[in-house]
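# Working through the structure, step by step
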Amino acid sequence: MTSLNSHGLRFAFGTLTALPVHVSRWDRGSARAGMLCAPLAGLAVGLLAALPGVLFLLGGSGPLLAAAASAALPAALTRGLHLDGLADTADGLGSAKPAEDALRIMKQSDIGPFGVITLLFVLLAQVAALFELYGRGWAEGALGTVVAAVTARLALTLASRRGVPPARPEGLGAAVAGTVPPRGAAAVACAVVACSAAAGALLGGYGAALHHALAALAGLGAAQVMLRHCVRRFGGVTGDVFGAVEETAATVALLALSLG
């Protein structure tokens, strides 16, 4: 079990980040452990993304520069993998073509108008939400960045649960689809939401705890809507769909945190 957990951590960090981690096993067992560990990869990305935002703000810059830095670093830490998946999924969904043709469009290396428009508005929404959070102080901006990143990777854990089929027989989607038992996914989800609430409580008491818990749940709910639509539209999940699910969860969580 210890060895499997180690391989799971390697799988999570090696596939979900650009950090120099070697994935030593590529089988269903390590994929299951890896997707259960996905929120830990999100925690690392969130902490690293919050750092430049906090430094810019404490160094005297305005909240806009801090927000832009915290929104840009996750893309660098994943080599734009999830944003690319979001754009490809938008092109596939926007094509209004049958599943086989839409999947072929998503595999192409270029990006279409639906992908460009989606990326533009998603990144604008993320920067705008972070601007609001950093405007309230460095602690709120940093915590919002971390909560959004962890929630986004938790959405990948839930998208990998049993009963969610792959749309293709190959690729990352096929490697992790259906590997996570529902009880395990639910346990990880409860732990992440509870930790988000606890972090919010440290920041501002009961009200902030509830706010951060609800923001995480809102991100997960939006990600599940996206997941169900993609499964219905494409017949299953792909690596691109995972990217779209991740970015949807992160964006909605940030928007929820920026309200109120």
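Coordinates for the structure precede this section.
Rules behind the numbers
- Residues numbered from 1 in each chain as written.
- Predicted model: local features only at pLDDT ≥ 70, side-chain atom pairs only at ≥ 80, totals over all residues.
- Heavy atoms only, no water.
- Helix = DSSP H or I, 4+ residues; strand = E, 2+ residues; numbered from the N terminus.
- Rg over C-alpha atoms; globule rule 2.2 N^0.38 Å.
- Buried < 20%, exposed > 50% of the residue type's maximum accessible area, 1.4 Å probe, protein only.
- Contact = heavy atoms within 4.5 Å.
- Areas by Shrake-Rupley, 256 points an atom, 1.4 Å probe, with all protein chains shown as cover.
- Lys, Arg positive; Asp, Glu negative; His and termini not counted.
- Charge placed at Lys NZ, Arg CZ, Asp CG, Glu CD.
- Salt bridge = Lys/Arg side-chain N within 4 Å of Asp/Glu carboxyl O.
- Patch = residues over 30% accessible without salt bridge, like charges linked within 9 Å, V, L, I, M, F, W, Y side chains within 5 Å.
- Expected span 1.5 Å × (residues − 1).
- 1 Å grid on protein atoms, 1.4 Å probe; cavity = no way out; pocket = protein on both sides within 12 Å on 5 of 7 lines; lining within 4 Å.
- Points joined across faces, edges and corners; volume = space filled by probe spheres on them.

Our focus in this paragraph is the overall build of the protein. In terms of regular secondary structure, the protein is built from 11 helices and zero strands. Mapped from its N terminus to its C terminus, the protein presents α and β elements in the order α-α-α-α-α-α-α-α-α-α-α. Compactness check: the protein gives a C-alpha radius of gyration of 17 Å against a globular reference of 18 Å for 260 residues, within 12% of the reference. Its C-alpha atoms give the protein principal-axis dimensions of about 50 × 45 × 30 Å. Expressed as a percentage of its 260 residues, the buried residues of the protein come to 50%. Partitioning the intrachain contacts of the protein with sequence separation of at least 6 by distance along the chain shows that 72% fall at a separation of at least 24. Accessible surface, the protein: about 11300 Å² in total, of which carbon and sulfur atoms supply 69%. Of the charged side chains in the protein, 17 are positive and 13 negative; the average position of the first set lies 10 Å away from that of the second.

Applying the stated rule across the entire model yields three salt bridges. Taking the shortest distance from any N to any O, the salt bridge between R136 and E140 comes out at 3.5 Å. Given the relative accessible area of 35%, R136 is considered partly exposed. The partner of R153 in a salt bridge is E246, with the nearest N and O atoms 2.7 Å apart. Highlighted residues: R153 in helix α8 (residues 138-159) and E246 in helix α11 (residues 239-258), separated in sequence by 93 residues. On the basis of relative accessible area, E246 is assigned to the buried category, the value being 3%.

Within the secondary structure layout, V176 lies in helix α9 (residues 172-176). Along the sequence, V176 and T157 sit 19 residues apart, while their C-alpha atoms lie 9.3 Å from each other.

A surface patch of nonpolar side chains, about 330 Å² in accessible area, is lined by L9, L40, L43 and L47. The element best represented in the nonpolar patch is helix α3 (residues 38-58), accounting for three residues. Relative to the elements of secondary structure, L9 occurs in helix α1 (residues 2-16). When its relative accessible area of 35% is taken as the criterion, L9 is described as partly exposed.

Turning our eyes to something else, we now look at unusual backbone geometry. It is generally the case that most residues other than glycine have a negative phi and that most peptide bonds are trans. We note that R79 has phi near 55 degrees; this positive angle belongs to a residue other than glycine. Locating R79 in the fold gives a position in the loop between α4 (63-77) and α5 (81-94). Relative accessible area serves as the criterion here: at 69%, R79 is assigned to the exposed category.

If you check α4, its first and last C-alpha atoms are 21 Å apart, about what 15 residues at 1.5 Å a residue would give, namely 21 Å. Looking at α4, one finds that the buried residues are A66, A67, A69, S70, A71 and L77. Check the buried side of α4 and you find it contacts α3, α7 (113-135) and α8. Once α4 finishes, R79 follows within two positions and takes phi at roughly 55 degrees, a positive value.

Mapped onto the elements of the fold, V252 is located in helix α11. Each C-alpha atom, one on V252 and one on F11, is 26 Å from the other, the two residues being 241 residues apart in sequence. Not counting the four nearest positions on each side in its chain, V252 is found in contact with A218, G219 and A222.

We classify R153 as buried; its relative accessible area is 3%. When neighbours within four sequence positions are excluded, R153 is seen to be in contact with L16, A38, P39, G42, V45, T78, H82 and E246.

This next bit is on α5. The end-to-end C-alpha separation of α5 is 20 Å, in line with the 20 Å expected for 14 residues at 1.5 Å each. Of all 14 residues that make up α5, 10 are buried, and the element is covered over most of its length. Positive backbone phi, at 60 degrees, marks A96, one or two positions downstream of α5.

Another point: empty space enclosed by the protein. This model, assessed by the stated rule, comprises one cavity of 30 Å³ or more. As a volume, the largest cavity reaches approximately 230 Å³. Taken together, 19 residues make up the lining of the largest cavity; nearest its centre are A71, P74, Q126, E247 and A250. Listing elements by their share of the lining of the largest cavity, those giving two or more residues are α4, α5, α7, α8 and α11.

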